[in-house]
Structure formats: C-alpha cells, structure tokens
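Summary of structural features
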Amino acid sequence: MNFSLARTSLIAEADLVRIAGERAVCDPRGVLYFPELRLLAVSDLHLEKGSSLARRGTLIPPYDTGATLLRLQAVISDYQPSIVISLGDSFHDEGGAERMHASFRERLEALMAGRDWFWVAGNHDPEAPADLPGETVRELAIGSLLFRHEPSKARVEGEIAGHLHPCARIVQRGRSVRRRCFAGDGGRMIMPAFGAYTGSLNVLDRAYAGLFRLESLMAYMLGTDRIFAISRSMLRPG
Amino acid sequence: MLPRSRFVPILLGDCPWPRYLWRVTVEPRLAEQNATIALPEPFVRWFGEKGWSPRAHQIELLAKARSGQSVLLIAPTGAGKTLAGFLPSLTELAVRPRRKPGQAHRGIHTLYISPLKALAVDIERNLGKPVEEIGLPISIETRTGDTPSHKRQRQKLVPPDILLTTPEQLALLIAASDARRFFEDLRYVVLDELHSLVTSKRGHLLALGLARLRSFVPGLQTIGLSATVAEPDELRRWLVSQNPPGDMSELIVVTGGAKPEISILDSEERVPWAGHSARYATPEIYREIKRHKTTLLFVNTRSQAELLFQELWRVNEDTLPIALHHGSLDVAQRRRVEKAMGDNALRAIVATSTLDLGIDWGDVDLVVHVGAPKGASRLAQRIGRANHRMDEPSKAILIPANRFEVLECRAALDANYLGAQDTPPLVDGGLDVLAQHVLGCACGAPFRADDLYEEVRTAAPYASLDRPTFDRVIDFVATGGYALKNYERYARIRLNKDGLWRVSNPRVAQQYRLNVGTIIEVPALNVRYVKAGSKGSAARGGAVLGKIEEAFLETLTHGDTFMFAGKVLRFEGIRENECFVSNAPGSDAKVPYYGGGKFPLSTYLAEQVRIMLDDPQRWRELPEQVADWLRFQADKSILPKRDDLLIETFPRGNRYYLVAYPFEGRLAHQTLGMLLTRRLDRAGARPLGFVATDYALAIWSLGDMGAMFKARKPSLGALFDQDMLGDDLEAWLADSWLLKRTFRNCALISGLIEKRHPGQEKSGRQVTVSTDLVYDVLRSHEPDHILLQATRADAAAGLLDVSRLADMLSRIQGRIMHKNLEQISPLAVPIMLEIGKMPVNGEADETLLMDAATLVEEAMGPEMVEE
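The numbering scheme is per chain: residues are counted from 1 as the chain's sequence reads. Just so you know, chain letters begin at A and ligand numbers begin at 1, following the order they were written in. At least 70 in pLDDT is required for a residue's local features to be given in this predicted model, at least 80 for side-chain atom pairs to be given and counted, and no such filter applies to totals for whole chains, interfaces and linings, which use all residues.

Some thoughts on the overall build of chain B
Here a helix means four or more residues in a row that DSSP labels H or I, a strand means two or more in a row labelled E, and each is numbered from the N terminus. The helix and strand inventory of chain B stands at 34 helices and 26 strands. Counting only residues that meet the buried cut, chain B has 46% of its 867 residues in that class. C-beta atoms are first placed from the backbone for all residues, and any pair lying within 7 Å is then listed as a contact. Long-range pairs, those at least 24 residues apart, make up 76% of the contacts in chain B with a sequence separation of at least 6. Residues with at least 20 other C-beta atoms within 10 Å of their own are called buried, those with 12 or fewer are called exposed, and the rest are partly exposed. The C-beta atoms themselves are positioned from the backbone.

Overview of the sheet that holds strand β25 (residues 697-701) of chain B
Residues and elements named next belong to chain B. When DSSP finds two or more bridges between a pair of strands, those strands are recorded as paired. Pairing in this open sheet of five strands is mixed, and the strands run β24-β25-β23-β22-β26 from one edge to the other. The two strands at the open ends of the sheet, each matched to only one other strand, are β24 (687-692) and β26 (816-820). Between one strand axis and the next, the sheet turns through 15 degrees on average, direction left out of account. Note: strand β23 (residues 655-660) against β25, five bridges, orientation antiparallel. Note on definitions: angles span 0 to 180 degrees between N-to-C directions of axes, and those axes are lines fitted to C-alpha atoms, for helices only across the stretch in contact.

Notes on the sheet that holds strand β9 (residues 261-264) of chain B
Residues and elements named next belong to chain B. Strand order in the open sheet formed by six strands is β9-β14-β13-β10-β12-β11, and the pairing between neighbours is parallel. Of all the strands in the sheet, just β9 and β11 (322-325) have a single pairing partner and so form its edges. Averaged over all neighbouring strand pairs, the angle between strand axes comes to 20 degrees, with direction disregarded. Note: strand β13 (residues 366-370) against strand β14 (residues 395-399), four bridges, orientation parallel. Bridged to Val 367 within β14 is Ala 396. Along the sheet, helix α12 (residues 282-291) contacts β10 (295-298), β12 (348-351), β13 and β14; its crossing angle with β13, the most-contacted strand, is approximately 165 degrees. Against the sheet, helix α16 (residues 403-418) touches β9 and β14, its axis set at about 165 degrees to β9.

Some points on the pairing of strand β8 (residues 139-142) of chain A
All names here are of chain A. Both β8 and strand β9 (residues 145-148) contribute to a ladder of four bridges, which runs antiparallel. For Glu 139, the partnering residue across the bridge sits in β9 and is Arg 148. Joining the antiparallel neighbours β8 and β9 is a turn of two residues, in which Gly 143 adopts a positive phi near 60 degrees.

Considering the confidence of the model for chain A
Residue and element names in this part refer to chain A. In the predicted model, chain A carries a mean pLDDT of 90, and 93% of its residues have values of at least 70. Mean pLDDT across the elements of chain A bottoms out in strand β1 (residues 16-19) (87) and peaks in strand β4 (residues 39-42) (98). This stretch, residues 1-10, has a pLDDT under 50; its non-local contacts, to residues over four places away or in other chains, come to 14 contacts. As a per-residue measure, pLDDT reflects the predictor's confidence and takes values from 0 up to 100.

As for helix α17 (residues 431-444) of chain B
Working rule for helices: expected span equals 1.5 Å times residues minus one. Between its first and last C-alpha, α17(B) extends 20 Å over 14 residues, near the 20 Å set by a 1.5 Å rise per residue. Burial of α17(B) is extensive: 14 of the 14 residues sit out of reach of the surface.

Details of the environment of Pro129(A)
Residues and elements named next belong to chain A. Looking at the secondary structure, you find Pro 129 in the loop between β6 (116-120) and β7 (135-137). Given 21 C-beta atoms within a 10 Å radius, Pro 129 is considered buried. When the C-alpha atoms of Pro 129 and Val 177 are compared, they prove to be 36 Å apart, with 48 residues separating the residues in sequence. Beyond its immediate stretch of four places on either side in the chain, Pro 129 contacts Ser 90, Phe 91, Ala 97 and Trp 119.

Structural notes on the domain arrangement of chain B
Per the annotation, domain bounds derive from an automatic or database assignment of domains. The assigned domain composition of chain B is domain 1 (22-96 + 104-256), domain 2 (261-418), domain 3 (427-516) and domain 4 (524-583). Here the C-alpha centroids of domain 2 of chain B and domain 3 of chain B sit 46 Å apart.

Let's talk about the environment of Val171(A)
On the secondary structure map, Val171(A) appears in strand β11 (residues 166-172). Note: C-alpha distance between Val171(A) and Ser233(A) (62 residues apart in sequence) is 12 Å. Other than its neighbours up to four places away in sequence, Val171(A) contacts Ser176(A), Arg236(A) and Thr555(B).

Some words on the interface of chain A and chain B
The interface is formed by 42 residues belonging to chain A together with 42 residues belonging to chain B. Where the side of chain A that touches chain B is concerned, the elements lending two or more residues are β1, α1 (49-55), α2 (64-79), β11, β12 (175-184) and β16 (227-231) of chain A.

Digging into the confidence of the model for chain B
Residues and elements named next belong to chain B. When pLDDT is averaged along chain B, the result is 84, and 87% of the positions lie at 70 or above. Scored below 50 in pLDDT, residues 1-35 makes 62 contacts in the model with residues more than four places away or belonging to other chains. In the predicted structure, residues 758-767 sits below a pLDDT of 50 and forms eight contacts with residues beyond four places in sequence or in another chain. Interface scoring of the predicted complex returns ipTM 0.90; its pTM is 0.86.

Looking at the pairing of β12(B)
The side chains of a regular strand alternate between the sheet's two faces. Residue and element names in this part refer to chain B. Neither face of β12 is open: one carries Ala 348 and Val 350, the other Ile 349 and Ala 351, and all of them are buried. In this structure, β11 lies alongside β12, joined through four bridges in parallel fashion. Within the sheet, the bridge partner assigned to Ile 322 lies in β12 and is Ala 348. By the criterion used throughout, a crossover qualifies as right-handed when its path from the first strand across the helix to the second strand runs clockwise, the strands pointing away from the viewer. After leaving β11, the chain enters helix α14 (residues 331-342) and then returns to the sheet as β12, a path that is right-handed.

Structure, rendered in structure tokens:
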C-alpha cells in the first residue's frame, strides 16, 4: 500500500470515512484524499470569480485566485497525490483561464507538474480551460468511485460530486454555527466548495432532495483543524 | 416694536389647542434689530386674524437670514420651530414677482430635509395650511422613495418652490446630469431634526450633498432646526462651509418655560437585582395610565416593548385601549396605531425609539420611561415628545428595571434639572460614504479631482481629510484601489486627457442609483401567520405581522415560542424569506430575545453614578431598599471611589469569578472583556467566558484569579495596562464578527458590493459573494486597503467604543482597588444574574461544534463514523 507515502500524521481516525467501501480522508481544509489511490479531489475552485464580477462592475478584491491556489498548494504539498481531480466549476466562467494573471498560471502549472490532473467539466466551465495542461472529462470512474460535477438524480453508489456547495448549521446553547461541509450517507459524497469566494447552500435545502439516504446522512463540518461529524438530527435549515 | 419677551403661542397646521409657552433669550441689541424687520403685509394680516404675533425667535431668525446668514435654531418641541425655519422662504417667495407666461420655469427655492419621510409628509400638510390662509402663490411638494416616477419627472420639469425630501433623495438629485440647472435658483436649505441627522453616516452623506449644493449656488443659506445638544458649535460649523476653517452659522437658542416634573417610581414592590423587564412595576404603571388621559410609554428595545405590552394587557381589567408601536411591526399596523393616536382614541402606547423623532402626537399628558434612560439629553428629548397644556409642565415618571438603573435614573433626573446635555460628540466623516459621494458626483457631471477635494473639505465632517486619503478614495471608486492592478479595464470612472474624471458607461450610474444611501438593513424575514402545525405551503396567505432579524430566528427550533407584535407566537419554520408562526395564546414565551439597548450609558451619566456611589450622603435620595443594598456592599466589600476601578474576585461553585465595575457602557465593556480574557488565557487563568452590562463586567475561569493577582502573576496593573489596545486589540479584531459586520456595512455603503433588493434574495449563491469571504481575502492579502482602514475606524468609534475604553484605562492607572472575597458581594449580584440570560461571549464556535459532535459520538458510538 502506498499509504505510507502520504503524511500519515495528517490523517486523524475521526476524519476517515468510507465511500462505497473506499477509505477517504475528509480534510478540514475542504479536500477529499483517498490514501490507497493517492488521489486528491477538490471541488468548485471558482478561480477568477473576482474578475468575473469585476467585469460586471463589482470590483471585489482580485486576490481570490491567489488565495485559492495558495490553499490548494498547501494540501497538495501535504498529501503529494499522484492524481488530482478538480470536480468542476474550476473556473468561474469560460473566460476565466484566459483572464488569469500570468503569475497565478505559473503557480497552477507548477502544482500540476508530475501528476495526473483531471478537469471535470462543470456548468460554469463546460469546456477545457484555455492553454492549461490536464485532461478535461465529463465524468471519471476509478475503481468503485465515480467523479462528476453535478450529482446524478438517480442513486449512484460511490459517486463523488460537487456543484451544490454544501454547508451545515447547528444551534448549541442559543448560538448558531454555520460551516461548509462534506455531505455523505456512506454511498454518495458531495464535496464543499473550495474557492475563496464561493458561497454555500444548506444540506437540508430542497436542492438536495432525493440525493441521500436520510437516516444515514452525515455532515462533516469543517473546523479550523479538524472535521466535526454531525448527524442529520442535529442539523438545522437556513 | 415687538415686546422683548412676549409670551405668544403660535400654531401650525391643524393643531387645535395652544401649545406650551417658550421664553426666548434675545439680547437687547438684537431685539432692537428685530424691530426693523417688517413682515410682508399678508403675514401681518394673517397673524392679526388669528390673534397672534410672531414670536421673538421667529423674527430674529428672519432678520439673520435676511442679512445673508445661515442660522442654527435650537428649541424644544412645540416652540414653533418649523414656521421659524420656513419664514425666510415664505416671506421672500411672497414678494417674488410672478413668472410671466413664456418665461422659463423657476427652479427650487427652498429645500427641506428631514430624517423621516413621514415627517416630510407631515410638514407638507402643516405648512400648506398657513400658506393657503395667507394666500401665498407658493407650491410645496414632497419627494421621497414613495413618490411615483411620473411625479418625479414632472418635478424635474416644473419644480415646486419648496421641496420636502430626505438625505437619500438629495443624493439622487445631485447625481443627476441636470443637477446644476435644477438647483440654480436654490436660496435656502432647511434641515429638520439636525441633532439626529448629524450623528450618523446619513449625516456625512448629507454634509457632502450640502457642499455640492454650495458649489452650485455659492450664496446658499442653511437653516438648522435642532433639539438641545451638548456642543451647539459642532452643529454651527456643520451648517456652513469650512472654508475658512472653523466658520460657524449664527445661533438662536430658545429655552423652555416650565421645567418638566420628573419623578422616579418609588415602588412598593421589591426592585429586582437584574433584568430589563420592570415587570414588578406593571400594576403601578397601569394605575398611572388609568389616572391620565393619554400615556406615552417609552422603552429601549423592541423586546422590552413586547414584554411591557403583554404585561399591561395581563392586568388590563378595564380593557383600556393600549397599543404597541415599534419599527419591526408591519407598516400598515404602525399607521393604524399612529392614526388612532392622532384621533386621541388610545389611552396608552408602548413605543421604542421609532417615535423619538418627528411627528407630534395627540394629547399626551404623561410620559413613562421604562428602563434606564441611558443619556440625559435623550431623556429630555423623549419627554419633550409629549404635547402640553398651556401652563402645565410636562409630566414624566421613570421606572428603573433594576437596582443599578435606579442610580442611573437618579443621575438622569438630576441632569435634567440642571439642564445638562450629553449628546455624543460628532465623528469624522466615513470614507465609505465619501466613496459613494464621489461616484455620485461623477454620475452627475465630470469632475476635476483638485476641485472636488476642495469642495469636500468644506463639509465639516471632512474638514481634516488629507489629500493622499482623498486620492485613494478616488482610486477605490475607479478600480477598487488594489495594489494588484488587475481591474484597470473594468474601471467605473476614468481620468480623461482633459483632467476630468468621467463615469465609464451609463450602467455605472444605474448601479449607483440602486445603491444610494447609508441605511443598511439587517437581514430580516417577514413573519407570517399560519395554522399551527402547518409547514407553510398549504397555509399561505396569513397576515404578515412584521419583520424579525434573521440572526434571532436562526436560533429557534420548531415549536419554540416567543413574543412579537404583542402576541405569543409559536415558530413553525422558515421558507425562503418568510418565517411562519402560529398563535400560541396562553403559553409563556420560552425563548427570550436579548436585544441589548442600542445606546450605551452616556459618559456623563456614568460619572454621575460613580459620584453617587462614592457619597453615602446622597444615598438618602434613593429608595430605601437601594440604599440598603449599597450599605450592605460597604459592609461586605467596598464601594469604588469616584475615579477608581473596583475589582472583586471570588470563588463560586467550581469556578472563579472576576467582576469589574468600570461603568463605561456595554460596548466598551464588551471590548474590555474580549481583551482581558485573551490576557488571562495567556497568564494561565483558563478563562471560560464573560458577560458585560452597562455597569459591570464579569469573567469566569477555572484558575483562581484572586490568588494570581495577589501573587502579582500577573498584577492587576499589568492586566489593565493600556497596551492592551495595541497588539491584543489588533489580534482579536482580525477574526471578530464585529469587524466583519462593520466591514459589510462599509462594503455596501462604499458601493464595493451591491445592496440586495426585495425579490432579489433568490438570485443564487454564485451571483453574489458574501462580504465575510471578501473580508477574509482582503485582510490576508492587503491589510492596509482603504476599506479595511475605514472599517477599523468605524468599529473603533462604534461597536467597540475604543476611545471610551482608552480614556478609562488611562484614568484608572494606579487606581485599581482589588477585593479578594470569600463569596459574591451585593454589588456583584446583578451581573452574576445576567450569566445564563445573555449570550456568553468568548466561547468559540469550535467549542459548540465539538459539543454537537461529541453528542453524536455518545449517542451513536465512535464506530459509526468509520463505517
């Protein structure tokens, strides 16, 4: 097993989940790592969202791409995966890759070097990103796992998807805490959005209807340095 | 010649009875001058027909205005302020030659600006009547957010002589391309309720708007109408161009006749240690309502209003018409209450600060203030809201909700007697507001940066603005002003070769118009009635009761009960932007809503309370039970000297407590609590949380803080050292929700992020971006960006109250008294009772998550996470 090649100290038992039998680490930084496959999945980077909004007159700080790449760099250097899957909406719009500042492009290419890199097509970026290496695919099956951007309507065991930007909310002692989360029922896993400017949608929203076996739905909420696994009965809408 | 201080009441509009009498302070020399001011003949005739004479301050204001001066008129409610403010305009318009047919339409002659659109509408009615009776050819119109667009367009083509409007509408008017022409005939700007306008960002925007108007019309005169304030000179500077710096308008002060009769309820019941409900006094309040014709009951927060209203109806055996009024109620409901009030159909009305301003109420003969007044000026203004019978002083009763409030009420009462004022000092203009204004100017007409800089500095709030900061604001408006120059091609305004800044495309002006103004609404949901148990969709169409903040609703679970709109309601659920509730009559509201008062205790009252504590002679002025409480404290612990800070430490249960009594207001205490817990944590005291009230601060910990201070590890002097306002403040602020909330306001006002409008809520998560995320990214990549600078300045002056904390820390250097006690002291009881009632600060979100996750593990076993 290549397990030892990864930084095992990073992997706390509590953060380990199984998806269709495959062991995976829900990293509190919002990525999913499969130690046996040396595969890292990340979803909804929404690179160049800042400049996309700026184009329409909202001049929010142009640092989102840099911030997102910096965080991606950190997880990649920790896990040293041989396969990276970006689960769609990697760029906020189709012109995103072209607009990207040269220094960011270099940083991204450095991250990609020496790995198998897959761009899964998303609704924001249905085409391959301009002039970037990596392979663009609609979906990708590896072992018992199926990676795609939008979760399928039908139940698919082993599906890893993004698109919905899940978050979860709990109320404890009269205070409400809302965090991005992984949402999974053991068969399917929906990943949190990774991009610096991405919002989120509560896992109890109608948009998730029919996607999970409700009795085994868990929200793996992202803490500062650990994951908090919360069962559905504790979750609140909104 | 007019008699010097003749007492003559004057009436406005359809007010059917004579108002209070007011004495005008007029210097003899001025009185002589007044004699030379002749009113136009129709006015003299009108006054004569009514059997009145103009009052001295009205004539004096007219004289000053005629000589080309701007004037600040400070007078209590009912002194004929409004007519005074308009007299220069009316008399001038009365003698203006008629427009000949074929001549171009004349522009606006007088602009009237008030903080409330309701007030503008009220004035239109009240001013219309004398204008009609005198037979003046003057057109008066309002322009507010409710004015239909065809009327607005017509107003542009055929402007009225007098336009009554709000600061936001003025901003829109000066951002229009025809602004200069529209305002070219402007003579006067009348600013109503100026004391209230100037303290907010709305005031900053208005000051910039005035500067713009002055550049259109150099001879423009302003007339400010204000309640009594601590520093009239600040308002006098505000009214005129600050070029030359420090220039001031003229001042006329009208002092009230009879002093109001204020008393503190000396209850037969026990005054509670803590809490804000004043429930103990309900029967006594009810008795007063029965004794008077109409009672106006003021409280500090919406939740207090709800509670008092419920309590009064519980004892309302005679089913007296008692109504409720606060800003979250549905508008239609509020209008009904206001109308009933105007018709004198109510015996009592429970109200929050939404009734602080503006419109005159019916025949109120008693004002009851429930809870602490928080400021002497605020109390005076609220009592002044009541209309008065001719020669009776107004009557008010203060109801302290707890023992500290007894001290505060006493101090406020003394202050009122002395005429002491404690309105807050004005702050420098916000850079976010300036950014909005700069964009507005560009939408109106191309501008030269040098000219606009000079113009902006004529507005008092921006008089000390430096050029580099101004240039950074322009840069921000153009491209966001980022160090990373990525957005040049998306610039909203561009510098052309001719040295003029212009908007880059018409869409920019469109966006500006949708985002104008400085009022940021807290995210709130409609509260709608449904049948109990229904989830909403089946039961649509129930009445909307009003709006409640999302933050409060987020803490509710299905079945929770709470008070709103005078009812006990059961929470049924949230769908989209509506919150569904059902009636839960007879049940107790389970979930308390702690909305701490918006206004912290004023510095002046705080000092008076400390002086009172330090002087046992004065305890005789207090109710016996409260005096007893202080004597007990002197016996068991010690009372703080007037300039000292008392700190008590004691164990209780398995915790150790520190209680400090700075009396500096809730906001400053909250900041202090945050900073102290950080320091105590570093010192190894293992603090767990804290609560802050207006008077005191309590911190609890696992470590024995008393023993630590005794061993001087750390010493209290070191713990309370002023250096906490350096790095500790920075470090704490960086992650604080307070700063994020402030940033959101700055981002919206400055136009960085667009405001959301009704119906836009569902526009989807990808289109909008949360200001919290923007804040995080900006802070880590460009921490000295101008918007973060604006945010920090705003937070320091607002939610954190840093300057007050700094003053306190410097005052108590070497003056900390430490009492290490075996058990809780009498003075500490009130704040200890707040623990558990108020949300605990300092407890990290992660702890809450941890608890939730642990519950899951306990319930289901750790294995389930694995498989």
